[in-house]
Amino acid sequence: MDFFNTIYMVLFLGCAGLLFGSIILWIATVITDRENEEKRKKYAKIVLIIMILAVLMGVASFIINFKRNMM
């Protein structure tokens, strides 16, 4: 594995862990604290940001691998 693939795997696994943790926190907030809409919105925004980050990382990975294969 070269440097970029290693960095990508570390970032992607970290992002997946954050996404998993945020979803668990959001579900726990929905179940235990139904009245606190502000807290649910906060966790929903965190989940959305992490999902967008994961999509951007996937697009960047595709572009980098596509350029390498074209050389």
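Because the structure is predicted, anything quoted here is derived from the model rather than measured.

**Quick look at the overall build of the protein**
- The helix and strand inventory of the protein stands at two helices and zero strands.
- Relative to its length of 71 residues, the protein is extended, with a C-alpha radius of gyration of 16 Å against a globular reference of 11 Å.
- If you line up the protein on its principal axes, its C-alpha atoms span 55 × 15 × 10 Å.
- The long-range fraction of contacts in the protein, counting pairs at least 24 apart against all pairs at least 6 apart in sequence, stands at 66%.

**As for the packing of helix 1 (residues 3-32) against helix 2 (residues 37-70)**
- Running from N to C, helix 1 and helix 2 point in directions that differ by 160 degrees, and their axes come no closer than 9 Å. Classified by the angle their axes make, helix 1 and helix 2 are roughly antiparallel. Where helix 1 crosses over helix 2, the handedness of that crossing is left-handed.
- Across the contact of helix 1 with helix 2, the residue classes tally to 20 nonpolar, six polar and three charged.

**Some details on the packing of aromatic side chains**
- Taken as a whole and judged by the stated rule, the model has one aromatic pair.
- With a centroid separation of 6.0 Å and an interplanar angle of 20 degrees, the aromatic rings of Phe 62 and Phe 66 are classed as stacked. Residue Phe 62 and its partner Phe 66 are both found in helix 2; the two are separated by four residues, about one turn of the helix.
- For Phe 62, a relative accessible area of 56% puts it in the exposed group.
- A relative accessible area of 46% places Phe 66 in the partly exposed class.

**With respect to helix 1**
- For helix 1, which comprises 30 residues, the first-to-last C-alpha distance of 43 Å matches the rise-based estimate of 44 Å (1.5 Å per residue) to within 8%.
- Among all positions of helix 1, only Cys 15, Ser 22 and Thr 29 are buried.
- Elements that come into contact with the buried residues of helix 1 comprise helix 2.

**Looking at helix 2**
- In this model, helix 2 (34 residues) spans 49 Å end to end at C-alpha, consistent with the 50 Å of a helix rising 1.5 Å per residue.
- Along helix 2, the residues classified as buried are Tyr 43, Val 47, Ile 50, Met 57 and Ser 61.

**Some remarks on a nonpolar patch on the surface**
- On the surface, a cluster of nonpolar side chains totalling about 640 Å² of accessible area is made up of Val 55, Val 59, Phe 62, Ile 63, Phe 66 and Met 70.
- By secondary structure assignment, the location of Val 59 is in helix 2.

Reading guide: rules and limits
- Residues numbered from 1 in each chain as written.
- Predicted model: local features only at pLDDT ≥ 70, side-chain atom pairs only at ≥ 80, totals over all residues.
- Heavy atoms only, no water.
- Helix = DSSP H or I, 4+ residues; strand = E, 2+ residues; numbered from the N terminus.
- Rg over C-alpha atoms; globule rule 2.2 N^0.38 Å.
- Contact = heavy atoms within 4.5 Å.
- Axes fitted to C-alpha atoms, helices over the stretch in contact; angles between N-to-C directions.
- Parallel < 35°, antiparallel > 145°, perpendicular 65-115°, else oblique.
- Left-handed = near helix turned anticlockwise from the far one by under 90°.
- Nonpolar A, V, L, I, M, F, W, Y, C, P; charged D, E, K, R; others polar.
- Phe/Tyr/Trp six-rings, centres within 6.5 Å; stacked < 30°, edge-to-face > 60°.
- Buried < 20%, exposed > 50% of the residue type's maximum accessible area, 1.4 Å probe, protein only.
- Expected span 1.5 Å × (residues − 1).
- Patch = residues over 30% accessible without salt bridge, like charges linked within 9 Å, V, L, I, M, F, W, Y side chains within 5 Å.
- Areas by Shrake-Rupley, 256 points an atom, 1.4 Å probe, with all protein chains shown as cover.
- Salt bridge = Lys/Arg side-chain N within 4 Å of Asp/Glu carboxyl O.

This is a description of form; function is not addressed.
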